[in-house]
Structures are given as C-alpha cells and as structure tokens.
Amino acid sequence: MKELICITCPRGCHLTVDEAHDYAVTGNACPRGAEYGRNELLHPVRTVTSTVRAEGSAIRRLPVKTDRPLPKEKIFDCIALLNTITAHAPVNCGAVLAAKILGTDVNIVATRALPL
Amino acid sequence: MFWLFYFGKGQKTMYDVTIIGCGIAGASLAYQLSQYDLRVLVLERENDVSMGTTKANSAIVHAGYDPEYGTLMAKLNVRGAEMMEPLCRALSVEYRRTGSFVIALNETDLPHLQKLYKNGVKNGVPGLRLLSGEEARAMEPHLADTVCGALLAPSAGIVDPWGLCIAEAEVAVRNGVELRLRSEVRGVEDHGGRYVVHTSSGDVETAYLVNCSGTHGHEISAMVGPREWDAHPSRGEYYLLDKSSGGLVQHVIFQCPTVRGKGVLVSPTVHGNLIVGPNAQDADDADDRKTTLSGLDEVADSSRRSVPCLDLRQSIRNFAGVRAVTSESDFILRPSASSPRLLHICGIKSPGLTAAPAIAEYALELLGGMGLTLCRKSSWDGGRERICFRKLSETEKAELIRRDPRYGRVICRCETITEGEIVAAIHSPIPPCSIDGIKRRAGAGMGRCQGGFCGPRVLELLARELGSNPMQIPQDGDGTRLLIEETKGGDRK
Amino acid sequence: MNYDLVVIGGGPAGLAAANAAWEDGCRSICIVERDRELGGILNQCIHNGFGLHYFKEELTGPEYAGRFVEKLRATGVAVRLDAMVLDITRDRQVHIVSSGSGYEVLEARAVVLAMGCRERTRGAIAIPGTRPAGVFTAGTAQRYLNIEGYMVGKRVVILGSGDIGLIMARRMTLEGAKVLACVEVLPYSGGLTRNIVQCLNDFDIPLYLSHTITDIQGRNRVERVVVSQVGSDRRPIPGTEMTFDCDTVLLSVGLIPENELSRAAGIVMDPRTNGPVVYENMETSLPGVFACGNVVHVHDLVDFVTAEATRAGKAAAACCAGTHPAEQRVLPLQGGNLVGYTVPQHIHLDADFSVVELFFRVRAVCGASRIVLTDETGAQLAAFPRQRLAPGEMENLRLSRALLDRAQGSVTVSIEEAAK
C-alpha cells in the first residue's frame, strides 16, 4: 500500500494505492486521481513547463510546455532539448515548436503568442 | 606648489593635494578645495563615493550639546550644524530641521539632562530648553508615559548623508577635482617634497596628502611611520521602518546613557521613514557591517522604552554601520607626527556627519598652516540642481513630461521615481555603475518593496545607458553580481 | 478624456473586471496598466495549474491571461500600457502618468482597483547577517528568469514554502541550479500539497519545517546561510544550526496587497487582510470604487480572482448605469474561532442577489471540522463539514439569501474541530 498526494489538480487528494490489487486507488475525488495514482507507481509522468530563446520580438524568452505529460525520467533530457530551440517571431499561442520529442508522442507548444 | 607641471613622457602629473577616501569627510574637503586654484585628486577604493560609514548611519544633524566643551568635536559640531541648512539648499540635498529631544525615562536621568544643557550652552548651541514630562508628551504624544523630562534642541535636524556626500563630490568634480574610483591606497613613500602614493589603479605623486579613509585611517597613518592611534571600530545596527510609521515622532528622540550603554534613537528620516537604532558592538574589523539577532533584539527592546507603540514588523530594512572609534576621544584632525604634509582627518565618529562641512573648513586652515598656498578661483560654480518628480506640482509634472517623455515612465513605484530621473543620475558628474548607486542618487529601490519591482527595470536602464552587458552590473560594490548567467546556454556571462 | 469606468491594473483581476463590465453593457472603459503588456503577474507564471475551475482545463499563467486578453480584443475597452496611476481622489479622479500621454486626469463614474500585491522583503522579517548580493524575493527571481532570461544564482536556499517558493525550487532546478533546501518557519507548508510533491519531492529537495534562516553570510555575494530550528515562539533554538554553502537566497515569505492608492484615497482598510473592506459586490467604503483580486486579499487560485473580479466588474457597470442602490441595511460578517478574516466583510442586505460568495482563511491547520455560521443571538444558521482546512488554502462558501435573511445582527464564521 503506497500513500501519495495527487497532483492532478490543486485539491491534492491523499491517495492510497494498492500495488497488490492491480494498483487500485482510494481517496481520490475524481477519476483523474485514480489514473494518476496508478501511473505514478507504474510509469510516473510530468508536464514540463519552461522557456525557450525568442528572436525577432521584444520578448526575450517564450514560455512553452509539453502538450501532455512526459515520462518523469525524461524531464532533464527535455530541458536540454529546449535549450537548443529558438523561437522566431511571429509564433501563435499553441504553435508546435518541437514535435514528438525524445521518442514519445509529446509535443512542445508555445503558451503565448510571440509577436513581431 | 600650486602651479601645474606636465613634465612630458614618463613623468606623472604632480597633484597639489590628494585626498584618500570619498566619504563625507573627503567629499566635504574636495568641495572646499575645489574653490581654490589647486590640482586636487580624490582616491576612492570602491566603485562609487559614500560607500563606507557615510552610507550607514543615523543621518542626524546633532545640535552639539553632547561633545565635551573645548574639544574639536564640540566646536565643529556646532559650526557644522549651522552650515548644514544653507549648504543642503544650495546642493538640492534633503535636510529637515526637526529639533531633537533627549528624554529622561526616570528620575535618575534628570541630572544627565542638566549636564547636557549646561554643556550645550557652553558650546554655543542655540535655543536649548528643558521640558517637563507633560510638555514633552504634548509635543510628542507617542513618547512613553515614563518620560519625566526632556532636553529640547531646536537646532538639530536630519539629512540625507550619502546625498550630501555625492552632491559635494559632484560639485568638486565639476569644478576640476579629479576623482579616481577603484583606487585603494596600498603604500605611501615620503620623498621629502612630495609623496608617491601606490594605489590599485597606479601610482600618484602629490605634494600634500589628506587621510579621510574612515575606519581604515590608522592603516594609512602606519604607511608613513609608526601607527599614531589604535582603531576600535564599533558596529551599530538599525531598523528602518515603513513610511506609515514615519510620523510617529516629529523630532529626533535620543535616550540618556545608562549602565547598558548609550541608548538608541528613534527619528524620522528625510525620506519619510522612521529610523531606529543604533546599538554599539565592537566590530570584527574595519568593514564589519553585519546585523545580528542579539543586536537587533537589543535595538528593538531599547527603542520601545522611548516609543512603546513602535511596531518593528513595519520594518522594511535592517542595516549596520561601522564607526571609526579610535583610542582617542576627540576627532583626529592634525598633521601626521611622522610626515609634515600628511593631514589626518580621522576618528570621525558621531557627530562626524554634522561636523563634516566645518571639519573641511578647519582642514583648509590646517593645510594653510602646513604650507599649502590657497588662492581662490575667480569663478566657481557651487550650485547643484536635482529634479525630484514626485515633489513637483501637477502642472510642473505635465510640463516636464512634455519636454522629456522619460519623466512620464515611473520605474520605482514605491517612491514614484521616473526613468528621466534615473537617466539623469546615470549621466551625472560621478556616474553610478550599480543598482545601489542609482538608489543613492535617484532614490529608486528605497521604498517598501526594496527594489523588488524596480530592480530589473533599473538594471535594464543602466545596461542601456552605459552600453553594458546586464550581467556585469553589480548590486553595489564591485563583486556584488546580481545575475550569474543567461539561461538556455546563452553566450553572455 | 473621461471614461465611465477606469480599471487600475491589467492583470487577471483587471482583465476579468473590464470584460465583465463590457458584457454587462458598459461601453466606456479604460484599463491602466504599468507594464508594457497586459497579463500582470501571470506573464511570468509560466507553470501550469491555472484555470481548472474556470476553464475546466489546466493552463499555464500566460495561457490563462491570453484567454482574457483575446476576449478583451473583441471589445472596445481602451488600454493604457506603460502608464502608472499616481493618485485616486475621493471623487474618482484618476491621475495617471505615461511617456505617451503625459500627465492625465481621468474623471470616472466608477473605478475598479486591481493593483495586485507585492512581496514581503528580507527587512520585514529582519534576517540577520551581512547584506551581500544574491538575496532576492522569489517573484523578482522569477521575473529575471522567465521574462529576462537570466539565472540569479546556482546554489540556492529558499526561505518559505508558499507556492512561489516551491515553484521557484523546481524552476531553478530545471534551469541548472542546485536547490539545497526549502526552509519553512511554520510547522506546516503554506503551499499546495501538489507543489510539495512536484517541486520538492520530485527533485529530492529537503523541506525543513519549523526552521528559519538565522544568518546570511558573505562579503560581496551570498556565501552561506545558517538555518536553525525554531520553537513555538518562532525564535531559534540554540544548538540546532545547519550551514548551507550557497550563493543565492530566495525569499517566499508572504505577499502584501498593494494598497497605497487605496489608503491615499481614504478607503477603509481591513488590517487582517491589508486590503479594503468590501461589500458582497466588491464595493469599497468609497461609493463607486470597487476592488478585486490580490489587492483585496491574497488568493491561492487565479480562478477565484476571476470570479471575484467578474462580480466587481458587473457591479461597476451597474454603478455606471446609475443603478446604484440607495441607503441599505448592512449585515456585518465576522471571523470567529480559527477564522482569520472574511471577504466580504459586510453585505448590502437589500441588494438584488440570491447567493453571496464568501471567502475566508483559517488560522491553523484543522482536520475533520465543521464551518459553522452563527448570528448575534448565537443561533446556528448553517454548518458545512470539511475533511481538512489549512491557512494556505482559501475556503469559500455560498450563502443563500434565505440564510442571510434569517440572521439576526451580524454573522460569525467559525470552525469547530471534530472531537480528537
């Protein structure tokens, strides 16, 4: 039995996950919490938010995120990848700056517009 | 030796007077000397002026009842207090004649008030008056109920100490005095008719040398002969309270000394804050300016005896200053015993700030007596203007912004300091190179958020106006870097 | 130049208030924003966790702000950027300076205060030691990092386990710094539990509860800090000192609503929130002047800021339209046992509402409890069970018209903890 805090939403439900019984989750207030509890023990994932260099705009750094959670062990590789990306204005909010990174289905998207 | 020679290649310029240290003592002397036909150099080890004790003190203009009658301290305190208001007006430096109280917290304090009163009268302090407890509280309602008497000195005041130092130094520079920053004095050779001064920025030749090096004064004296006094630097810690507490008292409120020590003061500042402190602890060294839990507690407890309603949670900053206390009780204002053309202006502890303009006057006399020829310049521009945006009327503000739109961009929200004022400070006769250099000139960052909001914006302006890499800009002295590196493997470090 | 409604601040509160006022028919609105673009503090909050309530999606700060800026673009709301409000008078004159428009005085029929908050500094908590470079408030470090693109340090100790400190622990780590510790003076963290997990635990950053920094050392730049355990009096316990070699201290020690303008206008303040006393429609003691967002009380979730600002915007629009209620009965709200404050602090009983949204914070961490509402006679008006309450998590209640009509005199909100 493992105790975890769910990070899916700010409520932070205290979950209990039973590895012996197919990772059944109790303590969750919603279905996303059950999914989180399972995943966290089997293959933990995290959304990564950071910035990339921006050119051609008054804005120097463009905020970005992974459009879905990334396997936790790839976080620092993801950051290293972001360090190599430069966004050139104009860029729309939501634009994909890097697709299917690090052998996953995860894309890096801009979280704001980068105007000229 | 008041004429200038340039002896050609390989020969250095020979200065008439070289001042070591550009705190309030050095700046005041430079300001005086700049009125005469002299080649004057000021050597300052830091990257800006007013970086020592001048930057961290109570900012009080003392009336002069405290120093013992007959001492230089007493004479120069009273004279300095007299000079301060017109000087500050001419230089656009903040000054306010608040008057001061020394309060008696119990009966045993009353004889001390009497003693100060008599001493003050002998020293020539104007307007001194002894008040009863009721009279004191009528003038200052937040004083403790235990106050049973007070000495009122109407001629005391408060001033902007670094503002005065910077203003005097700027006027000196504008009138031909050379200022070399980042020039620490490492050795002095006395060649009879001249000195060779070894500094971190090169050697200098000078006929006369003046030691205004603050808490390092004894070290300079030891460079020409046996050390003439011992240094006992003393550290004092302060709280600076938010402007919302600035009106708790109108006068500077001093306590009588007790077995526990000199007592702490509570005073308004020229910027509208309330300053509380200092204690007095032996400093670890001449530059020891840390605050300590025990020291701050001591200041807190002691100050509440004067003003019980003091809420120190309203503090926006703590700091400590180090005083040049020496083995001598009076100011050390005399030529060196080992070297006849080296003048010491040392041991400038309280009331040093107040006395500084008078010390400079006196130093001129001493230098004359040491053989320096003083010939007044036919023209000397001693005024200094400074725009303070927030003090202007609506119409004046509107007009100023029309003339220069940079005055319409407020950078420091807490103190309403504009881009125009900051740019003007960057292009002043002694250009600042640091965030705190801007703070000392334009006031940005002195407010309740302590630069949290304006810091990045001031940094940007400095980088832009100086054409520097933002990462090279220090918080204050050299080595106080703010930014370590660019993110994303940036090429700038 | 005059506008019916002037909104001071273009962050999430100001944006929502302006949008809401426009939607309710006000057609003469101006937002005055001191930065170069709209969005406020959200522009530098590049992490996610925003919008779960309001949009039912998890957004980053810039995305959340972007939604409202987009909405605003479709309206005729005027925006003054790079403009600072210097003063508001009792009769709603707003004095503004900007490079572009010089010194302006706008005469408004209604004003919404949405100035947000500032960070508590080192001086406010009197950390002893030297004063080297390298001590930053977490928000300032966040600005340097996310907006300007600079690291403020490489070896970091964070004081304060509120959300800003926790978020910066992760952010600095991701950008290559070593975060040595997060130090919290209280026996519990003030931040969301999810942030303890994803910002500290994920990176093995230790959290020291009931500890504080008792000395900062370093000549020019921070070189090390001393951390000590504290007792229940929050004073250091001798002998518990730990030393951390670091070059940076980030302070996340509290936010203070930015009410200099409000105080200068003579608006009545609540010393418990450091914000204006407000009614259920977010109106302050000055008729026609409303307030919303962090300037009223520091929020945890921007979604609640939006809701609050929407209320303020609607009320401001009604005020501009002249439907300002005449003299009304006022019902005061009090904080009782374990309740620090309530917003609103009082209610216009005769206003046209069916529900009042009440927000409050508890003074201590509580396990299973009941939120109990009583009136002046001591009669219990309602009770709401809760599994857990914490000072770091703002609570809200919806009070029905029926309940409020039943109350005799003031209403007190208290916490009753379940028997242990």
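Residues numbered from 1 in each chain as written. Chains lettered and ligands numbered in written order. Predicted model: local features only at pLDDT ≥ 70, side-chain atom pairs only at ≥ 80, totals over all residues.

Caption draft 1: Local environment of the overall build of chain C. From N to C terminus, chain C includes nine helices and 31 strands. Computed over C-alpha atoms, the radius of gyration of chain C comes to 22 Å, within 12% of the 22 Å expected from 2.2 N^0.38 for 420 residues, which places it in the range of a compact globule. For chain C, the spread of C-alpha atoms along the three principal axes comes to 65 × 60 × 40 Å. Residues classed as buried in chain C amount to 57% of the 420 residues present. (Helix = DSSP H or I, 4+ residues; strand = E, 2+ residues; numbered from the N terminus. Rg over C-alpha atoms; globule rule 2.2 N^0.38 Å. Buried ≥ 20, exposed ≤ 12 C-beta atoms within 10 Å, placed from the backbone.)

Caption draft 2: Focus on the overall build of chain A. Looking only at helices and strands, one finds two helices and 10 strands in chain A. Secondary structure elements of chain A, listed N to C terminal, follow the sequence β-β-β-α-β-β-β-β-α-β-β-β. Relative to the 2.2 N^0.38 estimate, which gives 13 Å for 116 residues, the radius of gyration of chain A is 17 Å and therefore markedly larger than a compact globule would have. C-alpha atoms of chain A, sized along the principal axes, occupy 55 × 25 × 15 Å. With 116 residues in all, chain A has 37% of them scored as buried. When contacts within chain A are restricted to residue pairs at least 6 apart in sequence, those whose partners lie at least 24 apart make up 44%. (Contact = placed C-beta atoms within 7 Å.)

Caption draft 3: Just the interface of chain C and chain B, in detail. Counting residues at the interface gives 38 residues for chain C and 45 residues for chain B. Of all the secondary structure elements, the ones that give two or more residues to the side of chain C that touches chain B are strand E6 (83–88), strand E7 (93–98), strand E8 (102–107), strand E10 (117–119), helix H3 (122–125), helix H4 (138–148) and strand E12 (150–151) of chain C. Among the elements that make up the side of chain C that touches chain B, the one with the highest residue count is H4(C) (six residues). Each residue belonging to the side of chain C that touches chain B can be placed in one class, and the counts come to 14 nonpolar, 14 polar and 10 charged. Pairing analysis gives two bridges linking strand E23 (residues 485–486) of chain B to E12(C), with the strands arranged antiparallel. (Nonpolar A, V, L, I, M, F, W, Y, C, P; charged D, E, K, R; others polar. Pairing = 2+ DSSP bridges.)

Caption draft 4: Expanded view of the domain arrangement of chain A. Here chain A is partitioned into domain 1 (2–42) and domain 2 (49–110). Between the C-alpha centres of domain 1 of chain A and domain 2 of chain A there is a distance of 29 Å. (Domains from an automatic or database assignment.)

Caption draft 5: Examining the domain arrangement of chain C more closely. Residue and element names in this part refer to chain C. For chain C, the assigned domains read domain 1 (1–119 + 255–324), domain 2 (121–253) and domain 3 (328–420). The straight-line distance from the C-alpha centre of domain 2 to that of domain 3 is 35 Å. Facing the five residues of domain 2 at the interface are four residues of domain 3. Looking at side-chain class alone, the side of domain 2 that touches domain 3 contains one nonpolar, four polar and no charged residues.

Caption draft 6: Examining the sheet that holds strand E27 (residues 355–362) of chain C more closely. Residues and elements named next belong to chain C. With antiparallel pairing, the three strands of this open sheet are ordered in space as E25-E27-E30. Here the strands that pair on one side only, and so sit at the sheet edges, are strand E25 (339–343) and strand E30 (395–400). In this sheet, neighbouring strand axes are inclined to one another by 30° on average, regardless of whether the strands run parallel or antiparallel. Taken together, the four bridges between E25 and E27 define a ladder with antiparallel strand orientation. By the bridge assignment for E27, Thr-342 is matched with Phe-360. (Axes fitted to C-alpha atoms, helices over the stretch in contact; angles between N-to-C directions.)

Caption draft 7: View of the packing of helix H10 (residues 419–426) of chain B against helix H11 (residues 435–442) of chain B. Residue and element names in this part refer to chain B. H11 packs onto H10 with a crossing angle of 110° between their chain directions and a minimal axis gap of 9 Å. Between H10 and H11, the crossing angle belongs to the class labelled roughly perpendicular. On H11, the residues touching Glu-421, Ile-422 and Ala-425 of H10 are Ile-438, Arg-441 and Ala-442. Classifying every residue of the contact of H10 with H11 by side-chain character gives four nonpolar, no polar and two charged. (Parallel < 35°, antiparallel > 145°, perpendicular 65-115°, else oblique.)

Caption draft 8: Representation of the pairing of strand E13 (residues 155–159) of chain C. All names here are of chain C. Summarising burial for E13: four of the five residues are buried, a large majority. For E13 and strand E14 (residues 178–184), the ladder comprises five bridges, and the chain directions are parallel. Bridging across to E14, Leu-159 finds its partner in Val-183. Running through helix H5 (residues 163–174), the crossover from E13 to the neighbouring parallel element E14 is right-handed. Summarising the sheet, E13 and strand E19 (residues 248–251) pair through four bridges and their orientation is parallel. Residue pairing in the sheet places Val-156 in a bridge with Thr-248 of E19. (Right-handed = clockwise from strand over helix to strand, strands pointing away.)

Caption draft 9: How the structure looks around the nonpolar core. All names here are of chain C. Among the nonpolar cores identified, the biggest contains 163 residues, and Leu-5, Ala-17, Val-112 and Ala-316 are the most heavily contacted of them. Considering every element that reaches this core, the biggest residue donor is helix H8 (residues 302–320), with 10 residues. If we skip the residues at most four places from it in the chain, Leu-5 touches Ala-21, Cys-26, Ser-28, Ile-29, Ala-108, Arg-109, Ala-110, Val-112, Ala-316 and Cys-320. (Core = buried A, V, L, I, M, F, W, Y, C linked by C-beta atoms within 7 Å.)

Caption draft 10: Quick peek at the sheet that holds strand E10 (residues 108–110) of chain A. All names here are of chain A. If you trace the five strands from one edge of the open sheet to the other, you get E8-E5-E6-E10-E9, paired in mixed fashion. Each edge of the sheet is formed by a strand with only one pairing partner; in this case those strands are strand E8 (86–88) and strand E9 (96–98). Geometrically, the sheet is characterised by an average inter-axis angle of 45° between neighbouring strands, direction not taken into account. Relative to E8, strand E5 (residues 49–55) runs parallel, the two sharing three bridges. For Arg-53, the partnering residue across the bridge sits in E8 and is Thr-86.

Caption draft 11: Fine view of the packing of H5(C) against helix H6 (residues 193–200) of chain C. Residue and element names in this part refer to chain C. Look at H5 against H6: their axes get within 8 Å of each other, and the N-to-C directions meet at 20°. The angle between the axes of H5 and H6 places the two elements in the roughly parallel class. Considering how the two elements wind past one another, H5 and H6 form a crossing that is left-handed. Of the residues in H6, those in contact with Asp-163, Leu-166, Ile-167, Ala-169 and Arg-170 of H5 are Asn-195, Ile-196, Gln-198, Cys-199 and Leu-200. Per-class residue counts for the contact of H5 with H6 are six nonpolar, two polar and two charged. (Left-handed = near helix turned anticlockwise from the far one by under 90°.)

Caption draft 12: Representation of unusual backbone geometry in the model. For the bond from B:Gly277 to B:Pro278, the omega torsion is -10°, close enough to zero to count as cis. Here B:Pro278 lies in the loop between strand E16 (274–277) and strand E17 (281–282). In the segment running from C:Val343 into C:Pro344, the intervening peptide bond is cis, with an omega of 5°. Relative to the helices and strands, C:Pro344 is located in the loop between E25 and strand E26 (346–348). The phi torsion at C:Lys56 lies on the positive side, around 55°, for a residue other than glycine. Counting through the fold element by element, C:Lys56 comes out in the loop between strand E3 (48–50) and strand E4 (59–60). Exposure remark for C:Lys56: the 7 C-beta atoms within 10 Å place this residue in the exposed category.

Caption draft 13: Structural view of the pairing of strand E13 (residues 234–241) of chain B. All names here are of chain B. The element E13 is extensively covered by neighbouring structure, given that eight of its eight residues are classed as buried. Residues Ser-234, Gly-236, Tyr-238 and Leu-240 of E13 are buried on one face, and the alternating residues Arg-235, Glu-237, Tyr-239 and Leu-241, pointing to the opposite face, are buried as well. Note: E13 against E17, two bridges, orientation antiparallel. Note that in E17 the partner of Ser-234 across the bridge is Asp-282. Bridge count between E13 and strand E18 (residues 315–323): eight bridges; the pairing is antiparallel. Within the sheet, the bridge partner assigned to Ser-234 lies in E18 and is Arg-323. The pairing of E13 with E16 spans three bridges and is antiparallel. Counterpart to Leu-241 in the pairing with E16 is Leu-274.

Caption draft 14: Region of interest: helix H12 (residues 455–466) of chain B. Compared with the 16 Å implied by 1.5 Å per residue over 12 residues, the 16 Å span of H12(B) between its first and last C-alpha is a close match. Taken as a whole, H12(B) has its buried residues at B:Gly455, B:Pro456, B:Arg457, B:Val458, B:Leu459, B:Leu461 and B:Leu462. Elements that come into contact with the buried residues of H12(B) comprise strand E21 (410–412), H10 and H11 of chain B together with H4 of chain C. Trailing H12(B) by a residue or two, B:Gly467 shows a phi angle of about 65°, which is positive. (Expected span 1.5 Å × (residues − 1).)

Caption draft 15: Seen up close, H6(C). Taken across its eight residues, H6(C) has seven buried, putting it largely inside the fold. Among the residues making up H6(C), those that are buried are C:Thr193, C:Arg194, C:Asn195, C:Ile196, C:Gln198, C:Cys199 and C:Leu200. As for H6(C), its buried residues are in contact with strand E1 (2–5) and strand E4 (45–46) of chain A together with H5, E14 and strand E15 (207–209) of chain C.

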